[in-house]
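Here is how the chains run, residue by residue.
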Amino acid sequence: MSLKIRLARGGAKKRPYYRIVIADARSPRDGRFIEKIGTFNPLLAKDAENRVVLDLDKAKAWLEKGAQPTDRVARFLDAAGLLKRDAKNNPKKGEPGEKAKERAKERAEKAAAGTEDAAAE
């Protein structure tokens, strides 16, 4: 049985509240779980102490048993000092798309043509 440490969504519409649970990887996101080890409230400020509440002893025990955390839960465990998570690097993320590059090229050509016309006069 493949175990995951993941988030199970609760709360009302547009008011999310998550439980950090141990679940079988095949079970649905909000379905059956084995144990609840914490909570996450994304509506609280990032520096609020009760934004992420995590039972570190239980989390450590489940990690030793082979449970794999999801990306978001791995961030929480890294912040708590239980898990070492490598920083991700996506250099293409900040690059503009093809159409934006074309528009920028057209603007540059128009600006260059405008300065040439002003210089010719």
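Rules of the game
- Residues numbered from 1 in each chain as written.
- Predicted model: local features only at pLDDT ≥ 70, side-chain atom pairs only at ≥ 80, totals over all residues.
- Heavy atoms only, no water.
- UniProt positions renumbered as here; feature names shortened; annotations may be inferred.
- pLDDT = per-residue confidence, 0-100.
- Helix = DSSP H or I, 4+ residues; strand = E, 2+ residues; numbered from the N terminus.
- Salt bridge = Lys/Arg side-chain N within 4 Å of Asp/Glu carboxyl O.
- Buried < 20%, exposed > 50% of the residue type's maximum accessible area, 1.4 Å probe, protein only.
- Pairing = 2+ DSSP bridges.
- Contact = heavy atoms within 4.5 Å.
- Axes fitted to C-alpha atoms, helices over the stretch in contact; angles between N-to-C directions.
- Arc of directions from axis to C-beta.

As recorded in an unreviewed UniProt entry, the protein goes by the name Small ribosomal subunit protein bS16, listed as coming from Xanthobacter oligotrophicus. According to the UniProt record, the Sequence similarities (unreviewed entry) comment for the protein is "Belongs to the bacterial ribosomal protein bS16 family."

Attention now goes to the confidence of the model for the protein. Per-residue confidence for the protein gives a mean pLDDT of 91, with 96% of residues at or over 70. When pLDDT is averaged over each element of the protein, strand β2 (residues 15–24) comes out on top at 96 and helix α3 (residues 98–120) at the bottom at 86.

Bringing the pattern of salt bridges into the picture now. As enumerated under the stated definition, the model contains five salt bridges in all. Here Arg 29 and Asp 30 are joined by a salt bridge, their closest N and O atoms 2.9 Å apart. In this structure Asp 30 comes out as partly exposed when scored by relative accessible area, which is 38%. Its salt-bridge partner being Lys 58, residue Asp 55 comes within 4.0 Å of it at the nearest N-O pair. You can call Asp 55 partly exposed: its relative accessible area is 30%. When salt bridges with common partners are traced through the structure, they connect Glu 35, Asp 55 and Lys 58 into a single cluster.

Strand order in the open sheet formed by five strands is β4-β3-β2-β1-β5, and the pairing between neighbours is mixed. In this open sheet, the two edge strands, each paired with only one partner strand, are β4 (52–54) and β5 (68–69). Bridge count for strand β1 (residues 3–12) against β2 is ten bridges, and the pairing is antiparallel. Across the sheet, the residue bridging to Lys 4 is Ala 23, located in β2. The sheet strands contacting helix α1 (residues 56–64) are β1, β2, β3 (35–40), β4 and β5, and the helix crosses β3 at an angle near 125 degrees. On top of the sheet, helix α2 (residues 71–80) reaches β1, β2, β3, β4 and β5; it is set at about 100 degrees to β1, its chief contact.

In this section: α2. A turn of α-helix holds 3.6 residues, and therefore any two residues three or four places apart point the same way. Those residues of α2 that fall on the buried side of the exposure criterion are Val 73, Ala 74, Phe 76 and Leu 77. All buried residues of α2 lie within an arc of 160 degrees about the axis, which places them on one face of the element. Opposite the packed face of α2, turned more than 90 degrees from it, sit the exposed residues Asp 71 and Ala 79. Contact partners of the buried residues in α2: β1, β2, β3, β4, α1 and β5.

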